Amino acid sequence: MKLATSFTLNNLAEINILAFESSCDETGVALYNGEKGLLGHKVFSSADLHALYGGVVPELASRDHIKRVEVLTTDLLKQAQLKTSDITLIAYTAGPGLVGALLVGATYARSLAFALNIPVYAINHLEGHLLAPFLENEQPSFPLLAVLVSGGHSQFVYCKDYHSYKVLGQSLDDAVGEAFDKTAKLLGLPYPGGKLLSELAEQGEPDFSFKAPMTDRPGLDLSFSGLKTAALNKINSYKSETKQELTIQEKADVARAFENTVVKTFKIKIRRAVEQIKQEYNIKLSEIVLVGGVSANKRLRIELANEFGSQKINLRYARPEFCVDNGAMIAVAGFFKYLHDMQKYGEVKTNELTTIVKARWSLDSLSL
Ligand code: KG4
Ligand code: ZN
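These figures come from a predicted structure and were not determined experimentally.

Trainee: Looking at this structure, how should I read the sheet that holds strand 5 (residues 120-124)?
Mentor: Sheets are built from strands that pair by backbone hydrogen bonding, the pairs being arranged parallel or antiparallel. Sheet architecture is open: five strands sit in the order 3-2-1-4-5, paired in mixed fashion. Looking at the sheet topology across the chains shown, the edges are occupied by strand 3 (37-45) and strand 5. For this sheet, the mean angle separating the axes of adjacent strands, direction not counted, is 20 degrees. Bridge count for strand 1 (residues 16-21) against strand 2 (residues 26-33) is six bridges, and the pairing is antiparallel. Across the sheet, residue Ile-17 finds its bridge partner in strand 2, namely Tyr-32. Where helix 2 (residues 58-79) meets the sheet, it contacts strand 1, strand 2 and strand 3, and its direction lies at approximately 25 degrees from that of strand 2. Together, strand 1, strand 2, strand 3, strand 4 (89-95) and strand 5 form the strand contacts of helix 11 (residues 328-345), whose direction differs from that of strand 1 by roughly 130 degrees.

Written as structure tokens, this is what we have:
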């Protein structure tokens with residue numbers, strides 16, 4: 001796995017980046033070499049702990065990061081046969097995310113960088129998702145449209161180049177992953193239920209549909225809380241008809257109708273985004289990247305690839321383990337920044353005095 005980039009620098013083989021992700025309930029650690037690409041990564045999810053409460057409990061997530069980060073880092077270094085003295089750069093997720101959870105990764109990353117006397121990059125989590133497809137052999141190229149569909153965010157981002165981002169529209173309420181998880185909970189599935197809902201949806205054959213939200217008005221903003229309520233109303237109407245719990249088939253039908261509506265909404269909005277980019281920037285796009293946890297959804301991938309493939313637009317995504325939160329995407333974002341800094345300034349430019357962690361951090365603000 002090597003990054004296809006127009007940048008060329010000497011001594012890339014000597015660059016070893018150690019990266020940390022701790023924005024929510026996954027502790028991720030990764031090692032990335034400037035010539036060989038990803039050397040390895042490890043993720044531990046505390047989702048099972050949160051499942052008892054039906055959603056992420058921030059304090060428990062923070063405590064679990066403290067427990068995991070050291071162990072994962074030691075194991076990873078051992079597996080890659082590297083010593084801490086071989087690390088030349090550290091990258092960590094600085095936001096957006098849960099502040100307590102972010103602080104664990106930030107403190108560990110910064111302390112290690114201080115002890116080793118090496119630079120440290122504060123990386124935007126959303127940018128990590130956006131660049132995750134660059135971990136694959138068949139890599140995207142700029143300009144591209146990023147469709148970011150995660151548990152905390154849903155956004156359409158026009159990426160003219162690395163660090164030239166424009167958010168074209170985003171969720172006004174529940175992010176799409178959040179809507180998957182809440183609807184899954186209504187269907188009795190454990191947290192985080194997005195993947196389980198989509199597995200249940202495979203058996204669904206609904207003779208009803210839900211309205212695709214915010215598609216009857218112009219623009220690229222999204223809203224999924226109403227869709228969750230529509231699913232709840234359908235569940236309640238089944239219950240009031242039979243005075244009993246839903247059958248598996250009824251649950252599968254609701255799941256399938258929900259998933260169909262999400263797919264339809266993204267088809268309509270992505271078509272719009274492509275057209276908007278053509279009008280505003282005079283660019284005929286040939287690349288779309290689908291990123292974030294929900295980009296692991298099979299139906300979304302297949303239907304969008306069919307829809308846009310026929311228009312000669314490549315739809316790219318990362319393998320499922322790099323769609324959900326992980327350290328490898330933070331490592332590749334760190335490598336992009338390193339290449340950029342070396343080319344533009346001839347040295348690493350850290351942002352340590354201005355950024356330690358940020359609960360909110362828009363991609364727009366990264367633009368150079
Ligand atoms: O990107 P991510 O790991 O976390 C955030 O940064 O928010 O995304 C997690 C979200 C969860 O809501 C999870 O249910 C959803 O991604 N997800 C899926 C699938 N796999 C993960 N949703 C639908 N279908 C899937 N296959
Ligand atoms: Zn994420």
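Trainee: What's the story with helix 5 (residues 176-186) in this structure? I'm lost.
Mentor: A turn of α-helix holds 3.6 residues, and therefore any two residues three or four places apart point the same way. Along helix 5, the positions that sit buried rather than exposed are Val-176, Gly-177, Ala-179, Phe-180, Asp-181, Thr-183 and Ala-184. As for helix 5, its buried residues are in contact with strand 6 (144-149), strand 7 (154-161), helix 6 (194-201), helix 7 (225-242) and helix 8 (248-281). Phi for Gly-188, located one or two positions after helix 5, is positive at around 85 degrees.

Trainee: Looking at this structure, I do not really get the packing of aromatic side chains. What am I missing?
Mentor: The full count for this structure, using the stated rule, is ten aromatic pairs. Aromatic side chains Phe-134 and Phe-336 sit 5.0 Å apart centroid to centroid with 80 degrees between the ring planes, which places their arrangement in the edge-to-face category. Remark: Phe-336 occurs in helix 11 and Phe-134 occurs in the loop between helix 4 (125-131) and strand 6; sequence separation between them is 202 residues. Of the two residues examined, Phe-134 and Phe-336, each falls in the buried class. Geometrically, the ring pair formed by Tyr-162 and Phe-336 is stacked, given 5.3 Å between the ring centres and 25 degrees between the ring planes. Separated by 174 residues along the polypeptide, Tyr-162 in the loop between strand 7 and strand 8 (164-170) and Phe-336 in helix 11 bring together distant segments of the chain. Comparing Tyr-162 with Phe-336, the two get one shared label, buried.

Trainee: Can you walk me through the site of ligand 1 in this structure?
Mentor: In the vicinity of ligand 1 there are 19 residues, among which Gly-151, Gly-152, Asp-181, Gly-293 and Asp-325 approach most closely. Taking Asn-297, its side chain carries an N or O atom lying 3.1 Å from a nitrogen atom of ligand 1. Looking at the shell around ligand 1, the elements that each hand over two or more residues are helix 4, helix 5 and helix 6. In terms of residue class, the shell around ligand 1 is built from five nonpolar, eleven polar and three charged.

Trainee: For this particular structure, what's the right way to read the pattern of salt bridges?
Mentor: Working definition: two side chains of opposite charge can pair if their charged atoms are close together. The tally for this structure, following the rule as stated, stands at 17 salt bridges. We note a salt bridge from Glu-199 to Lys-195, for which the minimum N-O separation is 3.3 Å. On the criterion of helical spacing, the pair formed by Glu-199 and Lys-195 is a turn pair, its members being four residues apart in helix 6. A relative accessible area of 62% places Lys-195 in the exposed class. Salt bridges here are not isolated pairs; linked through shared partners, they connect Asp-174, Glu-178, Lys-182 and Lys-228.

Trainee: Before we go on, may I ask you to explain the coordination of the zinc ion (ligand 2) in this structure?
Mentor: Perfect tetrahedral coordination of a metal by four donors corresponds to 109.5 degrees between them, and perfect octahedral coordination by six donors corresponds to 90 or 180 degrees. For the zinc ion (ligand 2), every protein donor is listed as His-125 (NE2), His-129 (NE2) and Asp-325 (OD), and the spread of their distances is 2.0 to 2.1 Å. Given four donor atoms and angles of 95 to 138 degrees at the metal, the environment of the zinc ion (ligand 2) is assigned as irregular.

Trainee: Help me understand the nonpolar core in this model?
Mentor: Nonpolar side chains tend toward joint burial in soluble globular proteins. Grouped together as the largest cluster of nonpolar side chains are 63 residues, with contacts concentrated most on Phe-20, Ile-90, Leu-131 and Tyr-165. When residues of this core are assigned to their parent elements, the largest contribution, ten residues, is made by helix 11. Membership of the second largest hydrophobic core comes to 45 residues, among which are Tyr-158, Ala-252, Ile-270 and Phe-308.

Trainee: Whenever I open this one, the sheet that holds strand 8 confuses me. Can you help?
Mentor: The five strands lie next to each other as 8-7-6-9-10, forming an open sheet whose pairing is mixed. Of all strands in the sheet, those with a lone pairing partner are strand 8 and strand 10 (314-316), marking the two edges. Geometrically, the sheet is characterised by an average inter-axis angle of 20 degrees between neighbouring strands, direction not taken into account. Sheet analysis places strand 7 next to strand 8, joined by six bridges and oriented antiparallel. Looking across to strand 8, one finds that Tyr-158 is bridged to Lys-166. Of the strands in this sheet, strand 6, strand 7, strand 8 and strand 9 (287-291) are in contact with helix 8, which crosses strand 6 at around 145 degrees.

Conventions used here
Residues numbered from 1 in each chain as written. Chains lettered and ligands numbered in written order. Predicted model: local features only at pLDDT ≥ 70, side-chain atom pairs only at ≥ 80, totals over all residues. Heavy atoms only, no water. Pairing = 2+ DSSP bridges. Helix = DSSP H or I, 4+ residues; strand = E, 2+ residues; numbered from the N terminus. Axes fitted to C-alpha atoms, helices over the stretch in contact; angles between N-to-C directions. Contact = heavy atoms within 4.5 Å. Buried < 20%, exposed > 50% of the residue type's maximum accessible area, 1.4 Å probe, protein only. Phe/Tyr/Trp six-rings, centres within 6.5 Å; stacked < 30°, edge-to-face > 60°. Near = heavy atom within 4 Å. Polar contact = N/O pair within 3.5 Å; in protein donor to acceptor, adjacent residues only side chain to side chain. Nonpolar A, V, L, I, M, F, W, Y, C, P; charged D, E, K, R; others polar. Salt bridge = Lys/Arg side-chain N within 4 Å of Asp/Glu carboxyl O. Donors = N, O, S within 2.8 Å, 3.2 Å for Na, K, Ca; no water. Tetrahedral: all angles 85-135°; square planar, octahedral: opposite > 155°, others 65-115°. Core = buried A, V, L, I, M, F, W, Y, C linked by side-chain atoms within 4.5 Å.

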